[in-house]
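Per-entry structural report
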Amino acid sequence: MLTCFPPVIDAHTTVLILGSFPGEASLAAQQYYAHPRNQFWPLLSAILDTDFVAQSYERRLEKLRSFHIGLWDVIAACAREGSLDSAIRHAQHNDFALLKQQCPALKRVCFNGKTSGKQAPLFADAGFDTLVLPSSSPAYASMTFAQKLVQWRGIIAPI
């Protein structure tokens, strides 16, 4: 079984971006969104007018926290060959029961792709504003960067 990374959250987190589960490149690097063609960091760079791509991973996370944005995945552990969500087997979901206590300022939960987006109703029922985004994965190529960016701007839209 493969396991996800710990959440990047704190008491000031107002927006949480949930992916499905780290891909092979991310697991190897032990970094969220480490695949060089994943558009996650370029999308956030455009939205937040900050060059995340040129920064070290540690600095990226610091900057993200300064914008009160957190990261995590919906799946805590799974079996999978390759990086595709469709190859995920025996998924065990993260326990989000304490999220409101850990992140009392949390208002919006965004989902990076359809796999993680399946959990949106759970978070909406818990009182969070939810937004399912087109995947930043290089495997999701049916939308251009510009088309994805239009929807990703919803991360910072007023709540």
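Up top is the structure.
Everything in this summary refers to the structure shown in the same document. (Residues numbered from 1 in each chain as written. Predicted model: local features only at pLDDT ≥ 70, side-chain atom pairs only at ≥ 80, totals over all residues. Heavy atoms only, no water.)

Comments concerning the pattern of salt bridges
Overall, the coordinates contain two salt bridges when judged by the stated rule. The partner of arginine 59 in a salt bridge is glutamate 62, with the nearest N and O atoms 3.2 Å apart. Here the residue arginine 59 and the residue glutamate 62 both occupy positions in helix 3 (residues 57-66), the gap between them amounting to three residues, near one helical turn. Residue arginine 59 is classed as partly exposed on the basis of its relative accessible area of 38%. For aspartate 129, the salt bridge goes to arginine 108, with nearest N and O atoms at 2.5 Å. One end of the pair, aspartate 129, is in strand 7 (residues 129-133); the other, arginine 108, is in strand 6 (residues 108-112), and 21 residues separate them in sequence. (Salt bridge = Lys/Arg side-chain N within 4 Å of Asp/Glu carboxyl O. Helix = DSSP H or I, 4+ residues; strand = E, 2+ residues; numbered from the N terminus. Buried < 20%, exposed > 50% of the residue type's maximum accessible area, 1.4 Å probe, protein only.)

Structural notes on the side chain of threonine 50
Within the secondary structure, threonine 50 is located in the loop between helix 2 (40-48) and helix 3. A relative accessible area of 13% means that threonine 50 is categorised as buried. A polar atom in the side chain of threonine 50 sits 3.1 Å from the backbone oxygen of leucine 48. Once you skip the residues sitting within four places of it in the chain, threonine 50 turns out to touch Ser45, Gln55, Lys63 and Phe67. (Polar contact = N/O pair within 3.5 Å; in protein donor to acceptor, adjacent residues only side chain to side chain. Contact = heavy atoms within 4.5 Å.)

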